[in-house]
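So the chains spell out like this:
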Amino acid sequence: MRILFFGRGVISTQYAWAFEQAGHTVEFYVRKGRKETFGSSIELEMWDARRGKKFIKESWNVKLHEELSPNYDLIIVSVNTEQLPVAAQLLSTVAGTAPVLIFNNIWQDLKSSISPLSMNNVVFGFPAGGGGIADNRLRGGFLKMIFLEKPRAGTEHINNKVKECFESAHFNISWVKDMQNWLWNHFAMNAAMETEVLRCGSFPALMNDRDSFVNVGKNMREIIPVLKARGAKPGAISLLLTKIPPVLLGILFKKVIYATGSLPRLFVEYNNSKAGFAVLEVVREAQKAGIPLPRLTVAFENTE
């Protein structure tokens, strides 16, 4: 397959590398001026967990374009949530009939989030990886599993193409029946965590703060009414965050989910992105519904 990745961020770069290893042709679209800034290669220091736990360290040559063309078998979009409308607008003019995988966090309803792209040409999914890029060095990694929505009526053929692409690169697929609800819950959990990142100052600081994960559970309890107000059903992890006593939740996060040396912990520690957008979006939604979010509001206001 000839695959275009929209943007050369952490997720795009890691999965593009994996697809190239599987024999696919991968290229990147970047904004004007970025081709010269990024250069023709990137230094990789990342963990590949598809077959055990393998550390990849290499200088990888990449092909960047500052113009879009329609000659691709698959287009994968993984950008900051606030950049998705611009990406969708650009792709609507050049994507043609190429299937588009939106590999992204989303807080809007799915149809409006990718307008003017057609829902019949789009599949929604989510990665299981993370990290950060600094000074043209990527530090991070990815797990064996990715999340993909079950086919909607009319999207069976493009779902199958995306499925075959990931399986050819030795990824397992976790099928999501209601992707809209899944993404709303995931975005809410991001907001709960980003609230603590704002308080601590960075993602690495979050990992080492004594009270951070206790507070994540408290933050999520505030957000649940916002999810319900927009018609979402709290998912299993959202309920876990709200039903387990905060102190026990803190122990679970620190000792199990983000245990020292675990890949999920490393992915967060390498994350050097700016936090706060998810918090702002959830706070705005709460204000529309008249729902108080004192913990999130204070954290955001303290960073302004």
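Worth saying up front: this structure is predicted, and the values here are computed from it rather than measured. (Residues numbered from 1 in each chain as written. Predicted model: local features only at pLDDT ≥ 70, side-chain atom pairs only at ≥ 80, totals over all residues. Heavy atoms only, no water.)

**Overview of helix α6 (residues 179-200)**
Then, in step 1: Here α6 is 22 residues long and its end C-alpha atoms lie 31 Å apart, about the 32 Å a rise of 1.5 Å per residue gives.
Then, in step 2: Burial runs high along α6: 18 of the 22 residues are buried. (Helix = DSSP H or I, 4+ residues; strand = E, 2+ residues; numbered from the N terminus. Expected span 1.5 Å × (residues − 1). Buried < 20%, exposed > 50% of the residue type's maximum accessible area, 1.4 Å probe, protein only.)

**Here's the deal with the environment of A191**
Then, in step 1: Counting through the fold element by element, A191 comes out in helix α6.
Then, in step 2: Relative accessible area serves as the criterion here: at 0%, A191 is assigned to the buried category.
Then, in step 3: Each C-alpha atom, one on A191 and one on V216, is 9.1 Å from the other, the two residues being 25 residues apart in sequence.
Then, in step 4: Ignoring sequence-local partners within four residues, the contact set of A191 consists of I223, A278, V279, V282 and L296. (Contact = heavy atoms within 4.5 Å.)

**A closer look at a nonpolar patch on the surface**
Then, in step 1: Taken together, the side chains of V247, L248 and I251 define a hydrophobic patch exposed on the protein surface, amounting to about 290 Å² of accessible area.
Then, in step 2: One can find V247 in helix α10 (residues 246-257).
Then, in step 3: With a relative accessible area of 56%, V247 lands in the exposed category. (Patch = residues over 30% accessible without salt bridge, like charges linked within 9 Å, V, L, I, M, F, W, Y side chains within 5 Å. Areas by Shrake-Rupley, 256 points an atom, 1.4 Å probe, with all protein chains shown as cover. Salt bridge = Lys/Arg side-chain N within 4 Å of Asp/Glu carboxyl O.)

**Comments concerning the environment of R210**
Then, in step 1: For R210, the location among the structural elements is in the loop between α7 (203-208) and α8 (212-229).
Then, in step 2: Judged by relative accessible area, which is 70%, R210 ranks as exposed.
Then, in step 3: Between the alpha carbons of R210 and I251 there is a distance of 10.0 Å; along the sequence they are 41 residues apart.

**Some details on unusual backbone geometry**
Then, in step 1: The residue after S115, namely P116, is reached through a cis peptide bond having omega 10°.
Then, in step 2: Following the sequence through the fold, P116 ends up in the loop between α4 (110-113) and β8 (122-126).
Then, in step 3: Not every positive phi belongs to a glycine, and N136 is a case in point at roughly 60°.
Then, in step 4: Judged by its relative accessible area of 25%, N136 falls in the partly exposed class.
Then, in step 5: Of note, H170 is a non-glycine position whose phi angle comes to about 70°, a positive value.
Then, in step 6: Mapped onto the elements, H170 comes out in the loop between α5 (156-168) and β12 (172-176).

**Considerations on the sheet that holds strand β4 (residues 54-61)**
Consider a sheet: its strands pair through backbone hydrogen bonds, and that pairing is either parallel or antiparallel.
Then, in step 1: An order of β4-β3-β10-β9 is seen for the four strands of this open sheet, with the pairing classed as mixed. Here the strands that pair on one side only, and so sit at the sheet edges, are β4 and β9 (129-134). Neighbouring strand axes in the sheet, compared pairwise and without regard to direction, differ in orientation by 15° on average.
Then, in step 2: Sheet strands touched by helix α1 (residues 10-21): β3 (41-48), β4, β9 and β10 (137-142). Its angle to β10, the strand with the most contacts, is close to 70°. (Pairing = 2+ DSSP bridges. Axes fitted to C-alpha atoms, helices over the stretch in contact; angles between N-to-C directions.)

**A look at the packing of aromatic side chains**
Then, in step 1: Enumeration over the complete set of coordinates arrives at 20 aromatic pairs.
Then, in step 2: We note R50 situated over the ring of F171; from NZ or CZ to the ring centre the distance is 5.3 Å.
Then, in step 3: The lysine or arginine in question, K53, covers the ring of W47, its NZ or CZ lying 5.2 Å from the ring centre. (Phe/Tyr/Trp six-rings, centres within 6.5 Å; stacked < 30°, edge-to-face > 60°. Lys NZ or Arg CZ within 6 Å of the ring centre and 35° of its normal.)

**Examining the pattern of salt bridges**
Then, in step 1: In the structure shown here, the tally under the stated rule is 13 salt bridges.
Then, in step 2: Among the salt bridges present, the one from E281 reaches R284, with a minimum N-O distance of 3.2 Å. One end of the pair is E281 and the other is R284, both in helix α12 (residues 277-289) and three residues apart, which spans about a single turn.
Then, in step 3: Accessibility expressed as a relative area gives 13% for E281, which makes it buried.
Then, in step 4: If you follow the salt bridges from partner to partner, you end up with R2, E27 and K63 in one network.

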